[in-house]
Amino acid sequence: MLGGARLDNYEYVWKMGFIADALRAGRDPFFAPDIYVPFGYPLAYGEITPIHTFGMAPLTWLFGPVVSYNLAALGSTVLSGWAVYLLARRWLLRDSEMPVRLAALAAFTAGAAFAFSAYRMQKLTGHMPLFDTHWLALALLWFDLWLDRGRLREGAVLGGMVALAALSSWYYAFLLGLALPVVALARAGNLVPHLRDPRRWLSAVLAVMVVLTLCLPFLVPYLQLDSRGATVVPLREAAFWAASFTDYLMPNPLHPLWGEAISRVMWPLPTPMMTEFVISIGWVTLLLALIGARRTHGPSWRSLKWMMIAAFVLSLGPYLTISRLPLDIPLPDLLLREIVPFADSVRSWGRFSVLVQLGACVLMAAGLASLLRTQSARRQVGYGVLALGLILFGAWPGPQPLSEMRPRPVDTWLAAQPDRDPIMEFPLAEALSGPAMWYTTVHGHPVTFGYGTYLPLLYRQRHPALTTFKGDGALAQLAAWGVRYVLVSQWALSYDYSFTMAQVDAQPRLRRLISRDGVVVYELLR
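Residues numbered from 1 in each chain as written. Predicted model: local features only at pLDDT ≥ 70, side-chain atom pairs only at ≥ 80, totals over all residues. Heavy atoms only, no water.

Caption draft 1: Structural detail: the pattern of salt bridges. Evaluation of the coordinates by the stated rule reveals 24 salt bridges. One salt bridge in this structure joins Asp411 and Arg408, with 2.9 Å as the shortest N-O distance. Looking at Asp411, the relative accessible area reads 0%, which means it is buried. We classify Arg408 as buried; its relative accessible area is 13%. Residues Glu523 and Arg484 are paired through a salt bridge, measuring 3.3 Å at the closest nitrogen-oxygen approach. Residue Glu523 is located in strand E8 (residues 519–524), and its partner Arg484 is located in the loop between helix H24 (472–480) and strand E6 (485–489); the two are separated by 39 residues in the primary sequence. Residue class for Glu523 comes out buried when judged on its relative accessible area of 12%. (Salt bridge = Lys/Arg side-chain N within 4 Å of Asp/Glu carboxyl O. Buried < 20%, exposed > 50% of the residue type's maximum accessible area, 1.4 Å probe, protein only. Helix = DSSP H or I, 4+ residues; strand = E, 2+ residues; numbered from the N terminus.)

Caption draft 2: Structural detail: the packing of helix H7 (residues 134–149) against helix H11 (residues 198–227). Packing of H7 against H11 leaves a shortest axis separation of 10 Å and a crossing angle of 155°. By the angle between their axes, H7 is roughly antiparallel relative to H11. Each of Trp146, Leu147, Asp148 and Arg149 in H7 lies in contact with H11, whose residues at this interface are Arg199, Arg200, Ser203 and Ala204. The class makeup of the residues in the contact of H7 with H11 is three nonpolar, one polar and four charged. (Axes fitted to C-alpha atoms, helices over the stretch in contact; angles between N-to-C directions. Parallel < 35°, antiparallel > 145°, perpendicular 65-115°, else oblique. Contact = heavy atoms within 4.5 Å. Nonpolar A, V, L, I, M, F, W, Y, C, P; charged D, E, K, R; others polar.)

Caption draft 3: Spotlight on the pairing of strand E5 (residues 423–426). What you see with E5 is no split at all: Ile423 and Glu425 on one side and Met424 and Phe426 on the other are buried throughout. Of the strand pairs in this sheet, E5 and E6 are connected by four bridges, and their pairing is parallel. By the bridge assignment for E6, Phe426 is matched with Val488. (Pairing = 2+ DSSP bridges.)

Caption draft 4: How the structure looks around the packing of aromatic side chains. With the rule as written, the count across this model stands at 29 aromatic pairs. Taken together, the ring pairs connect Trp14, Phe18, Tyr36, Phe39, Tyr41, Tyr45, Tyr459 and Trp481 into an aromatic cluster. The ring centre of Trp146 lies 5.4 Å from the NZ or CZ of Arg200, which sits over that ring. When the ring centre of Trp241 is taken as reference, the NZ or CZ atom of Arg347 above it lies at 4.8 Å. (Phe/Tyr/Trp six-rings, centres within 6.5 Å; stacked < 30°, edge-to-face > 60°. Lys NZ or Arg CZ within 6 Å of the ring centre and 35° of its normal.)

Caption draft 5: Just the pairing of strand E3 (residues 319–322), in detail. In terms of strand pairing, E3 meets strand E4 (residues 325–330) through three bridges, oriented antiparallel. Each bridged residue has a counterpart across the sheet, and for Thr321 the counterpart in E4 is Pro326. As consecutive antiparallel partners, E3 and E4 are separated by two residues, and within that stretch Ser323 has a phi angle of approximately 50°, a positive value.

Caption draft 6: Here's a closer look at empty space enclosed by the protein. Counted according to the given criterion, the structure contains three cavities of 30 Å³ or more. Of the pockets and cavities examined, the largest cavity occupies roughly 70 Å³. Contributing to the lining of the largest cavity are Trp91, Leu140, Phe143, Asp144, Leu147, Val183, Arg187, Ser303, Leu304 and Met307. Among the elements of the structure, H7 and helix H16 (299–315) are those that each provide at least two residues to the lining of the largest cavity. The biggest single contributor to the lining of the largest cavity is H7, with four residues. When its residues are assigned to classes, the lining of the largest cavity shows seven nonpolar, one polar and two charged. (1 Å grid on protein atoms, 1.4 Å probe; cavity = no way out; pocket = protein on both sides within 12 Å on 5 of 7 lines; lining within 4 Å. Points joined across faces, edges and corners; volume = space filled by probe spheres on them.)

Caption draft 7: Focus on helix H9 (residues 170–186). In a regular helix each residue adds 1.5 Å, so 17 residues correspond to 24 Å; H9 covers 25 Å between its end C-alpha atoms and thus fits that length. For H9, the buried fraction is high: twelve of the 17 residues fall into the buried class. Along H9, the positions that sit buried rather than exposed are Trp170, Tyr171, Tyr172, Phe174, Leu175, Leu176, Ala179, Leu180, Val182, Val183, Ala184 and Ala186. Two or three places before Tyr171, at the opening of H9, Ser169 has a side-chain oxygen 3.1 Å from that residue's backbone nitrogen. (Expected span 1.5 Å × (residues − 1). Polar contact = N/O pair within 3.5 Å; in protein donor to acceptor, adjacent residues only side chain to side chain.)

Caption draft 8: Looking closely at the packing of helix H4 (residues 65–92) against H7. Where H4 contacts H7, the two axes come as close as 8 Å, and the packing angle between them is 25°. Looking at the two axes, H4 sits roughly parallel to H7. Along this stretch, H4 crosses H7, giving a crossing that reads as left-handed. Residues Ser76, Leu79, Ser80, Trp82, Ala83, Val84, Leu86, Leu87, Arg90 and Trp91 of H4 form the contact with H7, whose participating residues are His134, Ala137, Leu138, Leu140, Leu141, Asp144, Leu145 and Asp148. Among the residues making up the contact of H4 with H7, the classes are represented as twelve nonpolar, three polar and three charged. (Left-handed = near helix turned anticlockwise from the far one by under 90°.)

Caption draft 9: Up close: a nonpolar patch on the surface. Residues Phe245, Leu249, Ile322, Leu325, Leu327 and Ile329 make up a contiguous nonpolar surface patch of roughly 480 Å² in combined accessible area. Mapped by element, the contributors of at least two residues to the nonpolar patch are helix H13 (245–249) and E4. Ranked by residues supplied to the nonpolar patch, first place goes to E4 with three residues. Residue position: Ile322 is located in strand E3. (Patch = residues over 30% accessible without salt bridge, like charges linked within 9 Å, V, L, I, M, F, W, Y side chains within 5 Å. Areas by Shrake-Rupley, 256 points an atom, 1.4 Å probe, with all protein chains shown as cover.)

Caption draft 10: Layout of the environment of Pro221. Checked against the element boundaries, Pro221 lands in helix H11. The sequence separation of Pro221 and Trp267 amounts to 46 residues, and the corresponding C-alpha distance is 36 Å. When residues no more than four places from it in sequence are discounted, the contact partners of Pro221 are Phe30 and Ala44.

Caption draft 11: Layout of the sheet that holds E5. The mixed open sheet is built from four strands, whose spatial order is E5-E6-E8-E7. Each edge of the sheet is formed by a strand with only one pairing partner; in this case those strands are E5 and strand E7 (510–516). Pairwise comparison of adjacent strand axes, ignoring direction, gives a mean angle of 25° for this sheet. Set on the sheet, H24 makes contact with E5, E6, E7 and E8; between it and E8 the angle comes to about 70°.

Caption draft 12: Region of interest: unusual backbone geometry. The linkage connecting Val37 with the following residue, Pro38, adopts the cis geometry, with an omega of 10°. Within the element layout of this structure, Pro38 appears in the loop between strand E1 (31–32) and strand E2 (41–42). Of the consecutive residues Phe426 and Pro427, the connecting peptide bond is found in the cis state with omega at 0°. Relative to the helices and strands, Pro427 resides in the loop between E5 and helix H21 (428–431). For Ser323, which is not glycine, the phi dihedral falls at a positive 50°. Take Ser323: its relative accessible area is 14%, and that puts it in the buried class. Phi angles above zero are rare outside glycine, and Asp328 is one such case at about 60°.

Limitation: the analysis is restricted to geometry and does not speak to function.
Here you go:
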């Protein structure tokens, strides 16, 4: 499987397999009764990403969830490059004097720069809902077409593009919900005459109807959780996962040559750097984009720049930070959390950076084309290839590692047990993780934990006794849930200091059964 780390990639492989199996068996694909027992696990605790889990179910039936996951990652890279190529080419050819061949060369460079940007390469390590950046570019393309023409066709396709972005990730729906009005406002002077056209209003209604028709069936589970307050992200969480303006300026922190030094600047903490903050635009792209920003004019280019500015400000989160140093200076996101529906459910405002990256690549195409305009055709190709080579080299994260999807020895041992009694695992971070979800497909036991965007935080709030495993309260809670097997990952105690193995062994209600590859299994005595 693509992505060498044990991250959310395991969670989404589990989801693809679970939903495909549920559809084939006629079970509820939105609820897993054997996860987070005795309560059960609504899949809306995390991203369901229907375009992958439901839309790719036939591929999952034929080839399995790992192959489907890899195809989603690879396919999105090609499609993202193609979509940005189309978007940049349309913007460039608004200049009637722009040679078509040069526009194609610059747009191709923009597409490749976006497809292999640091943002996208980081997401390929495990954030499957965020793979499909091509729907963002196609939504912007068709929104631009709708603003120009306003026909029913443009409205229907626009609605489809927005819906597909939403069905990839609700983050992308939220991004477009805020970005598209900014684009429209930037072109308001050109739109006023069209507001009297009933056909334009009809096409807008059609776009909304398409979005609702495609998305509402998958949105209902989230609305149910939201009505219970289960999707609210605490302010401190939203502030932590926001971007810093320095993240945009830093060279790629995943690069094999300079990445380690840059990471120490971006993440001045003893723990490994969180790759969520990898949003480097790249210096070559940034320089060419600045040239493009100075040399482009007109309502379409203005709307692109406005969108980038708005996305940049929103990506900074509710409070300003400088390279993880909080300054406690309030930003617009703080107000949006109070007045915009679902804004208080956004955990990672830094993901707005994808629109900044997309806009920078389109402006980069304009800057490159302006510099090459007076060159001969041969030199245009040569300089274009050189620029693309420098951009790709700067964004290169090194060889992409693979994860071998294989069970732990302890999961094989559990699968061989005659009972199907529930399991709990510690430290808690090991239980509330993507890999722990996938391991359930091997051992087949119910588990008293789960994973997703909202569940880890809710789990700790609902079951505080389990955060202090060494206490009697934790064992009493597990006994009430019918837990028999308690797993302890010894290697994880190198970063989790909430308890020691000596404290676990001293518990009279725990009987050590076996140890397999660093995971110790205890039986919880009744």
